[in-house]
Amino acid sequence: MRPTWLEIDLAALGRNYAHLAGRASGAEVIAVVKANAYGHGAVRVARYLREHRGTRRFAVATTGEGAELRKAGIAEPVLLLGALHPDDAGDAAQHDLTPTLVTLEAARAFAAARPGRRAQVKVDSGMGRVGVPPAELDGFVAAVEGLGLEVEAIYTHFAVADEDEGETRRQLAVFLEAARALPRRYPLHAANSAAILAGLGTELDFVRPGVALYGLPPDMQEAPGLEPVLAWKARPTLAKRLPAGHGVGYGLTYRAGGEEWIATLPFGYADGFSRALSNRGWVRWRGGYAPVVGRVSMDQTTVRLPEPVGLDEVFEVVTPDLDERTSLTGRARALDTIHYELATALSPRLPRRYREEG
Ligand SMILES: *Cc1c(COP(=O)(O)O)cnc(C)c1O
């Protein structure tokens, strides 16, 4: 058993789901489980939500992620976020995934691939990334249907739902105007986690929470009503006393200031502990902090301790809170990135232990 692991509280995830569903009470939830459910394990998360919360729709980013859910027996509709590329149309059809169509080339390839029939169309209401221009929506939807495909829903995505309510309302208005100009009514959706929490787009047919399901505040500040889901723990594989001046790690970028206790922890940047934390990250130990000293290497990280440590002791690499040094959110801020990146970087090679009770 590898002496470093993730602990994932599925019951807390289920309560986050209920909280978000309650904030969008008229809408059906499409649970976003892309990037291995933001590092939490897509198959376990999808199964848990389906069995304990009655979730009937999921979304992923790639056909490979969709295929993994199918292989695990998830037969519910799975939406592929992002724009389908014609090269990927065969896999999408084969695994009965619902692609997002924004080009005629991809629509034709998907229609030709069979047996996939259902697709969704995305409108670019202002983000400039994926979507049909609002003025072209009508013609595009007609062309897609002309290929024999069913347009199951039409959606858009917000660029600044976590920081600019005015712009988000403007995007919503652009989207609704384009949808209302269509000859018939289609199911619509727009809201990601931040929009759900802000009450924007929650009156539509579906909502698409991702990050907030995992208890992470979309705006990196705080998230009332959301509970942390994930912790990362490790036991040391070695603890030794180094004499003053002794170097530590690749490049010998750290030297012991006096006699120091250094513990070697069995994870590295290949597990998702960023190398940028070299000589500046922290882990929690015995209720305090232990600083990372030396470079983080691929599979090992060294920390300085004030005293010896047993190999049976547990270090907390990621704490399930908003701690500025050791939570995903706080560490992301320190690294000038977002917790989405740190969560999705948690490697599949880290063992995951799931708790369903409580
Ligand atoms: C990832 C994604 C979401 C979920 O976003 P969160 O901010 O994690 O809630 C919703 N919609 C689309 C199109 C996405 O790509």
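The structure displayed is predicted, hence computed values, not measured ones. (Residues numbered from 1 in each chain as written. Predicted model: local features only at pLDDT ≥ 70, side-chain atom pairs only at ≥ 80, totals over all residues. Heavy atoms only, no water.)

Caption draft 1: Structural view of the site of the ligand. Surveying the vicinity of the ligand reveals the residues K34, Y38, L81, K122, H157, N192, S193, R208, P209, G210, V211 and Y340. Between the ligand and Y38, the relevant distance is 2.5 Å, taken from an oxygen atom to a side-chain nitrogen or oxygen of the residue. Within the backbone of V211, a nitrogen or oxygen atom sits 2.7 Å from an oxygen atom of the ligand. Coverage of the ligand by the protein amounts to 92% of the 390 Å² it exposes when considered alone. Of the residues assigned to the shell around the ligand, the class counts are five nonpolar, four polar and three charged. (Near = heavy atom within 4 Å. Polar contact = N/O pair within 3.5 Å; in protein donor to acceptor, adjacent residues only side chain to side chain. Areas by Shrake-Rupley, 256 points an atom, 1.4 Å probe, with all protein chains shown as cover. Nonpolar A, V, L, I, M, F, W, Y, C, P; charged D, E, K, R; others polar.)

Caption draft 2: The arrangement of the sheet that holds strand β15 (residues 260–265) in detail. Strand order in the open sheet formed by three strands is β12-β15-β18, with antiparallel pairing between adjacent strands. Two strands close off the open sheet at either side, each with one partner strand: β12 (238–242) and β18 (301–305). Here the average twist between neighbouring strands, direction ignored, is 30°. Note that β15 and β18 share five bridges and pair antiparallel. Within β18, the position partnered with W261 by the bridge is L305. (Pairing = 2+ DSSP bridges. Helix = DSSP H or I, 4+ residues; strand = E, 2+ residues; numbered from the N terminus. Axes fitted to C-alpha atoms, helices over the stretch in contact; angles between N-to-C directions.)

Caption draft 3: Up close: the nonpolar core. L69 and I154 are the most contacted members of the largest nonpolar core, which totals 112 residues. When sequence neighbours within four positions are dropped, the list of residues in contact with I154 reads V121, V123, L137, V141, F175, L182, Y186, P187, L188 and H189. (Core = buried A, V, L, I, M, F, W, Y, C linked by side-chain atoms within 4.5 Å. Buried < 20%, exposed > 50% of the residue type's maximum accessible area, 1.4 Å probe, protein only. Contact = heavy atoms within 4.5 Å.)

Caption draft 4: Broad picture of the environment of R53. Along the chain, R53 falls in helix α3 (residues 42–53). The sequence separation of R53 and G14 amounts to 39 residues, and the corresponding C-alpha distance is 6.8 Å. Beyond its immediate stretch of four places on either side in the chain, R53 contacts G14, R15, Y17, A18 and Y48.

The values are spatial; any link to function lies outside them.
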